[in-house]
Amino acid sequence: MTKLIVASPSKGRLQENASAFFGRAGLELTQGRGARDYRGSIAGMDSVEVAFLSASEITGRLARGEVHFGVTGEDLMREEIADPENKVELLAPLGFGHANVVVAAPQAWIDVRGMADLADVAAGFRARHGRGLRVATKYVNTTRRFFAQHDVSDYRIVESSGATEGAPAAGSADLIVDITTTGATLAANALKVLDDGVILRSQANLVASLTAPWGETAREAARVILSRIAAEEEARMTREVRATLPDLTDKIIRKAETKFDAALRESVGDTATFTCPAKKVAGLADWLIGQGAKSVTSARLDYVFRADNALWARLAGRLDGR
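Since this is a predicted model, take the numbers as computed values, not measurements.

S.K.: What should I look at first to understand the environment of R318 in this one?
M.R.: In this fold, R318 is placed in helix α11 (residues 310–320). Distance in space between the C-alpha atoms of R318 and N86 is 9.2 Å, their sequence separation being 232 residues. Not counting residues within four places of it along the chain, the set of residues in contact with R318 comprises E85, N86, V88, E89 and L210.

Right, dumping it as structure tokens:
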């Protein structure tokens, strides 16, 4: 039996957030001998093994097919995996680990606002200094693709192993491509993000490897996990709305669907129960009262399980199409 292997971040806020993400779906990650053990499991699922790894290592193992699922940033997927579209499937953004990969230039470059200006500056550098621009970055492949899209060619990359944002002040680079969350560190180093210089808005994703050994055991475990994740996600975004509505007509049902994306679950006596997107509950409640409802209540749902699991269907389609 080949177990399904799930790779989760091994430390820090990413580990906490990943554990909370799985926990909300009823999937409790456990570490065999405590926090120092880098192997674990999902409670109640004997066919699943959890590997606690760094985000970068997770990316590499997904590419090589050594794990089936992994939690890692989209920025790492795009940078470190050649041809990611054919090696991995990004199943779901997880809502944490937000950061942008950006092009940042010195604030003193007042005439440089966008990538087109950067191309002009590169030509000037060649004329004045006999060299092109120097770009400090850890995102070598991402930078090359983005600069090529904007016809910036006269530059060379200075690979950064330390604090990239300090490279221009230190004189080792002219500008940088780096990751930022608030922009505060860039500003503290007298750098500015170019107007069209946001290369990627990244966050942590649940990623599936398309090159891993997907036997029957691994597939069934993946189906169960994705079913629970999809059920929790839909429940979080959905509310149950119950209205005391003496005169429920087909017209009201159709209007509730078209105006508020509400679906009638059941109608018993004078009580009608709908499901509705959470952000539309207040509008639906007001409208139902206008249609004669005596009272309207809403409630949160724990899970919404469906026979047609969209997450699993998408992954299975990719696997079957290999």
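S.K.: What is the right way to look at the sheet that holds strand β16 (residues 295–300) in this model?
M.R.: Sheets are built from strands that pair by backbone hydrogen bonding, the pairs being arranged parallel or antiparallel. Strand order in the open sheet made by the 4 strands is β14-β15-β13-β16, with antiparallel pairing throughout. The two strands at the open ends of the sheet, each matched to only one other strand, are β14 (263–268) and β16. Pairwise comparison of adjacent strand axes, ignoring direction, gives a mean angle of 20 degrees for this sheet. Bridge count between β14 and strand β15 (residues 271–277): 5 bridges; the pairing is antiparallel. By the bridge assignment for β15, S267 is matched with A272. Each of β13 (238–244), β15 and β16 is contacted by helix α10 (residues 281–290), which is oriented at about 15 degrees to β13, the strand it contacts most.

S.K.: Help me understand the packing of aromatic side chains, please; the structure alone is not making it clear to me.
M.R.: Two measures describe an aromatic ring pair: the distance that separates the ring centres and the angle between the ring planes. Evaluated as defined, the whole model comprises 6 aromatic pairs. A centroid spacing of 5.9 Å and a plane angle of 55 degrees characterise the contact between W109 and F125, whose relative ring orientation is tilted. Taken together, the residues W109 in the loop between β7 (99–106) and α4 (115–129) and F125 in helix α4 connect sequence positions 16 residues apart. In terms of burial, W109 and F125 fall into one category: buried.

S.K.: Is there a simple way to think about the packing of helix α8 (residues 216–236) against α11 in this case?
M.R.: The geometry of a pair of packed helices is captured by two quantities: the angle between their axes and the separation between those axes. Running from N to C, α8 and α11 cross one another at 150 degrees; their axes reach a closest spacing of 8 Å. Facing α8, whose interface residues are R219, A222, R223, L226, I229 and A230, α11 presents L311, W312, L315, L319 and D320. Looking at the contact of α8 with α11, its residues break down into 8 nonpolar, no polar and 3 charged.

S.K.: Would you explain a positive patch on the surface in this entry?
M.R.: A cluster of basic residues, K251, R254, K255 and K259, forms a positive patch on the protein surface. Locating K259 in the fold gives a position in helix α9 (residues 250–260). When its relative accessible area of 44% is taken as the criterion, K259 is described as partly exposed.

S.K.: How should the nonpolar core be read in this particular structure?
M.R.: As a rule of thumb, nonpolar side chains are buried together in soluble globular proteins. In terms of nonpolar packing, the biggest core is built from 37 residues, with L4, F69, I225, I229 and L315 touching the most fellow members. Listing elements by their share of this core, those giving two or more residues are β1 (4–9), α1 (12–24), β4 (45–53), β5 (69–73), β6 (88–93), β12 (204–209), α8 and α11. Take this core: its biggest share by element is 7 residues, from α8. In contact with I225, not counting residues within four places along its chain, are L4, V6, L27, I42, M45, V48 and F69.

S.K.: Could you clarify how one ought to interpret the pattern of salt bridges in this entry?
M.R.: Pairing is possible between side chains that carry opposite charge, provided their charged atoms lie close to one another. Here the structure, examined in full by the defined rule, presents 20 salt bridges. In this structure, R236 and E232 form a salt bridge, with 3.0 Å as the shortest nitrogen-oxygen distance. Linking R236 with E232, this pair stays in helix α8, spanning 4 residues, or about one helical turn. A salt bridge links R265 to E240, with the nearest nitrogen and oxygen atoms 2.2 Å apart. Remark: E240 occurs in strand β13 and R265 occurs in strand β14; sequence separation between them is 25 residues.

S.K.: Even after reading the chapter, I still don't get the sheet that holds β7, so can you show me in this structure?
M.R.: Strand order in this open sheet of 5 strands is β9-β8-β10-β7-β11, and the pairing throughout is mixed. Every interior strand has two partners, whereas the edge strands, β9 (155–159) and β11 (191–202), have only one. Across the sheet, the mean angle from the axis of one strand to that of its neighbour is 25 degrees, orientation sign disregarded. In this structure, β7 lies alongside β11, joined through 7 bridges in antiparallel fashion. Considered in β11, the bridge of A99 is made with S202. Sheet strands in contact with α4 are β7, β8 (133–137), β10 (175–180) and β11, and its direction is about 125 degrees off that of β8. Contacts between helix α5 (residues 140–149) and the sheet are confined to β7, β8, β9, β10 and β11, with β9 contributing the most and set at about 165 degrees to the helix.

Parameters at a glance
Residues numbered from 1 in each chain as written. Predicted model: local features only at pLDDT ≥ 70, side-chain atom pairs only at ≥ 80, totals over all residues. Heavy atoms only, no water. Helix = DSSP H or I, 4+ residues; strand = E, 2+ residues; numbered from the N terminus. Contact = heavy atoms within 4.5 Å. Pairing = 2+ DSSP bridges. Axes fitted to C-alpha atoms, helices over the stretch in contact; angles between N-to-C directions. Phe/Tyr/Trp six-rings, centres within 6.5 Å; stacked < 30°, edge-to-face > 60°. Buried < 20%, exposed > 50% of the residue type's maximum accessible area, 1.4 Å probe, protein only. Nonpolar A, V, L, I, M, F, W, Y, C, P; charged D, E, K, R; others polar. Patch = residues over 30% accessible without salt bridge, like charges linked within 9 Å, V, L, I, M, F, W, Y side chains within 5 Å. Areas by Shrake-Rupley, 256 points an atom, 1.4 Å probe, with all protein chains shown as cover. Salt bridge = Lys/Arg side-chain N within 4 Å of Asp/Glu carboxyl O. Lys, Arg positive; Asp, Glu negative; His and termini not counted. Charge placed at Lys NZ, Arg CZ, Asp CG, Glu CD. Core = buried A, V, L, I, M, F, W, Y, C linked by side-chain atoms within 4.5 Å.

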